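# Commentary on secondary and tertiary structure
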Amino acid sequence: MSLQFLITSLIVVIAPGAGVLITLAAGLAHGRRASLVAAFGCTLGILPHMLAAITGLAALLHASSIAFQTLKYVGAAYLLYMAWMALKDQGALHVHADAAPRSAWEIIRHAVLVNAFNPKLSIFFLAFLPQFIGADAADPTVVMLEQSAVFMAMTLGVFAIYGVCAATLRDRVLSRPAVLKWMRGGFAAVFLGLGLKLASGN
C-alpha cells in the first residue's frame, strides 16, 4: 500500500461532505453511541460504490445517462429531504436533554442512504482506485479490494472522531438554544447545497 494512496485517501475522507454532516448531527443530537453508529452507517454506504468500481458497474452507470440521472436525482431529493428535516423541531437535529434516542437501525438507514444514492461516488472510485495499482500487479482486483478495505477503515475512524467530538460538545449545545438554531440552519444550508450540486451535475 503506497504512502501516496494513504495520504490521498485521508484527504478525501477528512473533506466535509454529507457523511460527515450525518455523523456530526448524530453526535450532537443523540450522543457518542449514535455518532459511532452513524459513522458505521456512512462507511457501509460507500461499500456499494466500492464494489461497483471493482466490478466495473460504475463504467456501465457512466455510460447509461438515464440510469445515472435517475440515481442522481433520487440522491439529490434525499439530501433536500435531510435539509428539511434539519430545520424541523423533531427532525435530524432534535436536541433536547430528554430526547428519545433514535434506534441504531434508523441512524444507519439515513447514513447509508445519503451515500448510497450518490452515483458520483461510483465514478469517483472507478477513477480513484486504479491510479494506485502498479502495472506489474499480479491481480489488480485483489489490490483494489485491499485499497477499498483500507479506505473504509479510514472512513470509519475519521468519521468516528468527528462524531465523538460533536458528542462531547452536546451539553454546551443543549444549554444554548440560539447556537442550536444557528446549527440547524447551517446543516440545512449545507444539505441543500449538496443536494442542488448533485442535481445540477457540478
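Check the entry above for the structure.
These figures come from a predicted structure and were not determined experimentally. (Residues numbered from 1 in each chain as written. Predicted model: local features only at pLDDT ≥ 70, side-chain atom pairs only at ≥ 80, totals over all residues. Heavy atoms only, no water.)

## Regarding the overall build of the protein chain
Along the protein chain, the regular secondary structure elements total 10 helices and 0 strands. Among the 202 residues that make up the protein chain, the fraction classed as buried is 43%. Sequence-distant contacts in the protein chain: of pairs separated by 6 or more residues, those separated by 24 or more amount to 85%. For the protein chain, the accessible surface area stands at approximately 10,400 Å², while carbon and sulfur atoms represent 70% of it. (Helix = DSSP H or I, 4+ residues; strand = E, 2+ residues; numbered from the N terminus. Buried < 20%, exposed > 50% of the residue type's maximum accessible area, 1.4 Å probe, protein only. Contact = heavy atoms within 4.5 Å. Areas by Shrake-Rupley, 256 points an atom, 1.4 Å probe, with all protein chains shown as cover.)

## Focus on a nonpolar patch on the surface
A cluster of nonpolar side chains, Phe40, Leu44, Leu47, Leu51 and Leu156, forms an exposed patch at the surface whose accessible area comes to about 380 Å². With 4 residues, the top contributor of residues to the nonpolar patch is helix H3 (residues 32–55). (Patch = residues over 30% accessible without salt bridge, like charges linked within 9 Å, V, L, I, M, F, W, Y side chains within 5 Å. Salt bridge = Lys/Arg side-chain N within 4 Å of Asp/Glu carboxyl O.)

## Some points on the packing of helix H2 (residues 18–30) against helix H8 (residues 140–168)
Where H2 meets H8, the closest approach of the two axes is 7 Å, and the angle between their N-to-C directions is 35°. Classified by chirality, the crossing of H8 by H2 is right-handed. Counting all contacts with H2, which are made through Gly19, Val20, Thr23, Leu24, Gly27 and Leu28, the residues of H8 involved are Phe159, Tyr162, Gly163, Ala166 and Ala167. Split by residue class, the contact of H2 with H8 holds 7 nonpolar, 4 polar and no charged. (Axes fitted to C-alpha atoms, helices over the stretch in contact; angles between N-to-C directions. Left-handed = near helix turned anticlockwise from the far one by under 90°. Nonpolar A, V, L, I, M, F, W, Y, C, P; charged D, E, K, R; others polar.)

## Let's talk about helix H6 (residues 104–116)
The terminal C-alpha atoms of H6, which comprises 13 residues, lie 18 Å apart, in line with the 18 Å expected from a rise of 1.5 Å per residue. When H6 is considered as a whole, its buried residues turn out to be Ile107, Ile108, His110, Ala111, Val114 and Asn115. Buried residues of H6, viewed axially, fall in a sector of 160°; they line one side. (Expected span 1.5 Å × (residues − 1). Arc of directions from axis to C-beta.)

## Details of the nonpolar core
Within the largest apolar cluster, 31 residues are counted, with the highest numbers of intra-cluster contacts made by Met50, Phe125, Phe128, Phe151 and Phe159. At the level of secondary structure, the elements contributing two or more residues to this core comprise helix H1 (3–14), H2, H3, H6, helix H7 (119–128) and H8. Ranked by the residues each element gives to this core, the list is headed by H3, at 9 residues. The contact partners of Met50, leaving out residues within four places of it in the chain, are Phe125, Leu129, Ser148, Phe151 and Met152. (Core = buried A, V, L, I, M, F, W, Y, C linked by side-chain atoms within 4.5 Å.)

## Regarding the packing of H3 against H6
In the contact formed by H3 and H6, the axes pass within 7 Å of each other and the chain directions differ by 35°. As for the relative orientation of H3 and H6, their crossing is right-handed in sense. Here H3 contributes Arg33, Ala34, Val37, Ala38, Phe40, Gly41, Cys42, Leu44, Gly45, Ile46 and His49 to the contact with H6, which in turn contributes Ala104, Ile107, Ile108, Ala111, Val112, Asn115 and Ala116. Of the residues contributing to the contact of H3 with H6, the split by class is 13 nonpolar, 4 polar and 1 charged.

## Structural notes on the side chain of Thr155
For Thr155, the location among the structural elements is in helix H8. Overall, the relative accessible area of 4% leaves Thr155 in the buried class.

## Section: the environment of Val190
Position of Val190 relative to the elements: it lies in helix H10 (residues 177–200). Look at Val190 and you get partly exposed, because its relative accessible area is 38%. Placed 173 residues apart in sequence, Val190 and Gly17 show a C-alpha to C-alpha distance of 8.6 Å.

## Notes on the environment of Leu192
With respect to the helices and strands, the residue Leu192 is situated in helix H10. The exposure class assigned to Leu192 is partly exposed, which follows from its relative accessible area of 38%. Considered as a pair, Leu192 and Trp84 are 108 residues apart in the sequence and their alpha carbons are 8.5 Å apart. With near-sequence residues (within four places) excluded, Leu192 lies in contact with Leu80 and Ala83.

In short, shape yes, function no, at least from these values alone.
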